[in-house]
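# Notes for the structure review
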Amino acid sequence: MTRILLARHGETDWNRVGRWQGHADPPLNDAGRTQAAELAERLAGDGIAAIYSSDLMRASQTARVVADRLGLAVVEDAGLREIDVGSWSGLTRAEVEQRFPEGYARWLGGEIGHDGETREELTERVVGAVERIAAEHPEGTILVVTHGGAIRAIRRHASGDPGDSIENCGTSSLELVDGVLTVA
């Protein structure tokens, strides 16, 4: 059995002001660096054997803080990126509502309203990455630092329920048993 700890990246200035990030690459802010250090301390005794991260800066910076504390390396994987939100990237909700009212209304109704990736494309990409990574570690615990939308997609795949939104540097635990992901 492989235990997979999913962690959301620390805060960015875009998180703070409510900008859609998607594949955009803003760095952690001071609060995000503090959150990453606190995450590293929380995980120090969890027996983590390997650390993987989205290749986007906010996730890889978070992972490096944890890796430095645990004496491990970080392996970046583009498959762990957040959903591509297309032309919504960098916009606030108010700006999206103004520029793309029909898409925004679809998003409020639980659908994808942007011109980026679909939920199915996101799920296929991130679940494939997590399953591949977990298969490389058939025993033990691995940390995967990724994004809120990616974590919800993985949880939806594993349990049928994406769970609540996860805060910056929050964690969620999964297991891979006989090739099947389940929420731990």
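Definitions and cut-offs
Residues numbered from 1 in each chain as written. Predicted model: local features only at pLDDT ≥ 70, side-chain atom pairs only at ≥ 80, totals over all residues. Heavy atoms only, no water. Pairing = 2+ DSSP bridges. Helix = DSSP H or I, 4+ residues; strand = E, 2+ residues; numbered from the N terminus. Axes fitted to C-alpha atoms, helices over the stretch in contact; angles between N-to-C directions. Contact = heavy atoms within 4.5 Å. Salt bridge = Lys/Arg side-chain N within 4 Å of Asp/Glu carboxyl O. Buried < 20%, exposed > 50% of the residue type's maximum accessible area, 1.4 Å probe, protein only. Parallel < 35°, antiparallel > 145°, perpendicular 65-115°, else oblique. Left-handed = near helix turned anticlockwise from the far one by under 90°. Nonpolar A, V, L, I, M, F, W, Y, C, P; charged D, E, K, R; others polar. Expected span 1.5 Å × (residues − 1).

## A few points about the sheet that holds strand E4 (residues 140-146)
On the basis of which strands lie adjacent, the open sheet formed by 6 strands has the order E3-E2-E4-E1-E5-E6 and mixed pairing. Looking at which strands have only one partner, the edges of the open sheet turn out to be strand E3 (74-76) and strand E6 (180-183). In this sheet, adjacent strand axes meet at a mean angle of 30° when their direction is disregarded. Pairing analysis gives 4 bridges linking strand E5 (residues 171-177) to E6, with the strands arranged antiparallel. The partner of Val-177 across the bridge, within E6, is Val-180. Packing of helix H3 (residues 57-70) onto the sheet brings it into contact with strand E2 (48-53), E3 and E4, and relative to E2 it is tilted by some 160°.

## What about the pattern of salt bridges?
Pairing between side chains becomes possible if they bear opposite charge and their charged atoms approach one another. Under the criterion given, the structure shown has 8 salt bridges. Glu-41 serves as the salt-bridge partner of Arg-69, at 2.7 Å between the closest nitrogen and oxygen. Pair noted here: Arg-69 is in helix H3 and Glu-41 is in helix H2 (residues 30-43), with a separation of 28 residues, a long-range link. What makes Glu-41 partly exposed here is its relative accessible area of 47%.

## Quick word on the packing of H2 against H3
Put simply, H2 and H3 touch, their axes get as near as 8 Å, and they point 40° apart. It follows from the interaxial angle that H2 and H3 lie oblique. Crossing hand, H2 versus H3: right-handed. Residues Ala-36, Ala-37, Leu-39, Ala-40, Glu-41 and Leu-43 of H2 form the contact with H3, whose participating residues are Thr-62, Val-65, Val-66, Arg-69 and Leu-70. In terms of residue class, the contact of H2 with H3 is made up of 8 nonpolar, 1 polar and 2 charged.

## Here we look at the pairing of E5
Two strands pair when backbone bridges link them, and strand E1 (residues 2-8) and E5 are joined in this way by 6 bridges, in the antiparallel orientation. By the bridge assignment for E5, Leu-6 is matched with Ser-172. If you look at the hairpin formed by E5 and E6, you'll find 2 residues sitting between the two strands, and Asp-178 has a positive phi there, around 50°.

## Quick notes on H3
For H3, spanning 14 residues, the distance from its first C-alpha to its last is 20 Å, which sits close to the expected 20 Å at 1.5 Å a residue. When we look at burial in H3, the residues that qualify are Arg-58, Ala-59, Ser-60, Thr-62, Ala-63, Val-66 and Ala-67. In this fold, the buried residues of H3 make contact with H2, E2, E3 and E4. Positive phi appears at Gly-71, one or two residues downstream of H3, with a value of about 70°.

## Here we look at the environment of Gly-90
Within the element layout of this structure, Gly-90 appears in the loop between E3 and helix H4 (93-99). A C-alpha to C-alpha distance of 5.8 Å links Gly-90 and Gln-21, two positions 69 residues apart in sequence. Residues within four places of Gly-90 in sequence aside, it is in contact with Trp-14, Arg-19, Trp-20 and Glu-95.

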